[in-house]
Amino acid sequence: MRITKSEKLFEEAKKYIPGGVNSPVRAFKSVGGSPRFMSNGSGSKMHDVDGNELLDYIGSWGPHLFGHNPEFIKDSLIKAIENGTSFGAPTEIEIEMAKLITELVPSVELVRMVNSGTEATMSAVRAARGYTGREKFIKFEGCYHGHGDFFLIKAGSGALTFGVPTSPGVTKGNAADTLVADFNDINSVKKLISQNKNEIAAVIIEAVVGNMGTVRASDKFIKELRQICNEEKIILIFDEVMTGFRLAQGGAQEILGVKPDLSTFGKIIGGGLPVGAYGGKREIMEMVSPSGPVYQAGTLSGNPLAMNAGYAALTYIKDHPDVYKSLEQKSAYLENGIKDGIKSAGKNYQFNRVGSMMTFFFTEEPVTDYNSAVTSDTKLYGRYFHEMLNRGIYLPPAQFEAMFVSTAHTIDDLDKSINANLEALKAIV
Ligand code: KE4
């Protein structure tokens, strides 16, 4: 069997990089085989180093709402780089970016830029702790908020995929303040609150989860969560790193109709460059240094290149609100086609979708929380993944992730994916 250039590069990479990748989920560990090394991307397509064209549903794990390398983002970067890359001093574009985020997300009055979603969520919890003077916080089993120590307790995404939802290296001291509730189960939240009265600073949640696969909070649950946080003076944090500007201009909080006290962002707001942000109520965010005592900093926070790329992305969203209507139509078309394929294959697998993020769960049980998500047959998902990859369709190499439709996906792309889905299902069952 011919050794591909990707395989050769992967062997070389493993000599210098842990597991040969700079982020674990890229390594194909849970689906088997060797990851494809990419050489370029444009629109809905990427090419790997062996020249194979791949129809991309990962979109760099969420940032590429408009597909790869859209002209308007590329142009903004080319213009920005003429002035230099980084000054370590304030720039005007940072004001424009902050203003635009506060305009598009009404619950955000003050916002701080950082360099990743992890930094955003870590900092948001710290701000909540500083504001309330309390130390504990609640997360939900299966939600993933980046790799900050205190989040890696029963976490989703790669942590779940590799079976280490609670990571070695996280100290007991760190974990002691992390309380874990069950997603979509308000009684599990009430129980933790009654056991830790007046000790809980925050609840952080992916109101539409991407990291146990796609699972939406029920309207009843999220409204009760908002209510109980009001009553207990607990800061409600929506982790919108994946859902922000993905599901709507105002993200998950817009479609769920619930205003959090703080929100975190990433992915789309960087236009493909490393950016994160956290923001929300003025009186909480004013606790953040240098306006307040809660320290947080970053050499490249608000970096002009990343700001220009992100500003171009968010400006496009502001100027084209109909973009979500078109994403909804394309995503529903794909969902219906895939569900028809599941039926034709005589199966009852589950397919969850919210807007342009979705997940095909290889289980016959409706997936509404962590316990139902993990009934999925991850081996079968791995076989399906490779059948689709061999047909030029590039899906997340892990069952507990979301796939994404971009504005660059055409009906032809979707039809190709729907046909490949039916063939792949017939090949594995
Ligand atoms: P980053 O530190 O990876 O920029 O963001 C962490 C994060 C925080 N919150 C949510 C809801 C997230 O989805 C993420 C990161 N998402 C994963 C995909 N599930 C990133 C992909 C990866 O880990 O390589």
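Above: the structure in question.
Counting of residues starts from 1 at the beginning of each chain's written sequence and follows it residue by residue. Residue-level local features of this predicted model are given only where pLDDT is at least 70; pairs of side-chain atoms are given and counted only at 80 or more, and the full residue set underlies all totals for whole chains, interfaces and linings. Here the side-chain values reflect all heavy atoms present in the structure, with hydrogen atoms and water set aside.

Here we take up empty space enclosed by the protein. Cavity and pocket criteria rest on a 1 Å grid covering protein atoms alone: a 1.4 Å probe that fits but cannot get out defines a cavity, protein on both sides within 12 Å along at least 5 of 7 lines defines an open pocket, and an atom within 4 Å of a point defines a lining residue. Grid points are joined across faces, edges and corners, and a volume is the space filled by probe spheres set on the points. With the rule as written, the count across this model stands at four cavities of 30 Å³ or more. Approximately 110 Å³ is the volume attributed to the largest cavity. The wall of the largest cavity is formed by 17 residues, among which F360, Y381, L395, P396 and M403 lie closest to the centre. When contributions to the lining of the largest cavity are tallied by element, the ones reaching two or more residues are α12 (323–344), β14 (357–361) and α14 (378–390). Lys, Arg, Asp and Glu make up the charged group, whereas Ala, Val, Leu, Ile, Met, Phe, Trp, Tyr, Cys and Pro make up the nonpolar group; the residues left over, Gly among them, are polar. Among the residues forming the lining of the largest cavity, the class breakdown is 13 nonpolar, three polar and one charged. Considered as a void within the structure, the second largest cavity measures approximately 70 Å³ in volume. A helix here means a DSSP run of H or I that spans at least four residues, while a strand means a run of E at least two residues long, and both kinds are numbered starting from the N terminus.

The full set close to the ligand counts 17 residues, and S23, T118, N211, D239 and E401 are the nearest of them. Pairs of N or O atoms within 3.5 Å make up the polar contacts considered here, provided that, within protein, one atom can donate a hydrogen while the other can accept it, and that residues adjacent in sequence are counted only when both atoms are side-chain atoms. S157 places a polar side-chain atom, nitrogen or oxygen, 3.2 Å from a nitrogen atom of the ligand. The side chain of N211 places a nitrogen or oxygen atom 2.4 Å from a nitrogen atom of the ligand. Taken together, the residues of the shell around the ligand break down into five nonpolar, eight polar and four charged. For this purpose, a residue is taken to be near a molecule or strand whenever a single non-hydrogen atom of the residue falls within 4 Å of it.

This brings us to the layout of surface pockets. Volume-wise, the second largest pocket comes out at about 620 Å³. The wall of the second largest pocket is formed by 31 residues, among which E94, V111, R112, M113 and S301 lie closest to the centre. Those elements that provide at least two residues to the lining of the second largest pocket are α3 (92–104) and β4 (110–114). Examining the composition of the lining of the second largest pocket, we find that five residues originate from one element, α3, more than from any other. Taken together, the residues of the lining of the second largest pocket break down into 14 nonpolar, 12 polar and five charged.

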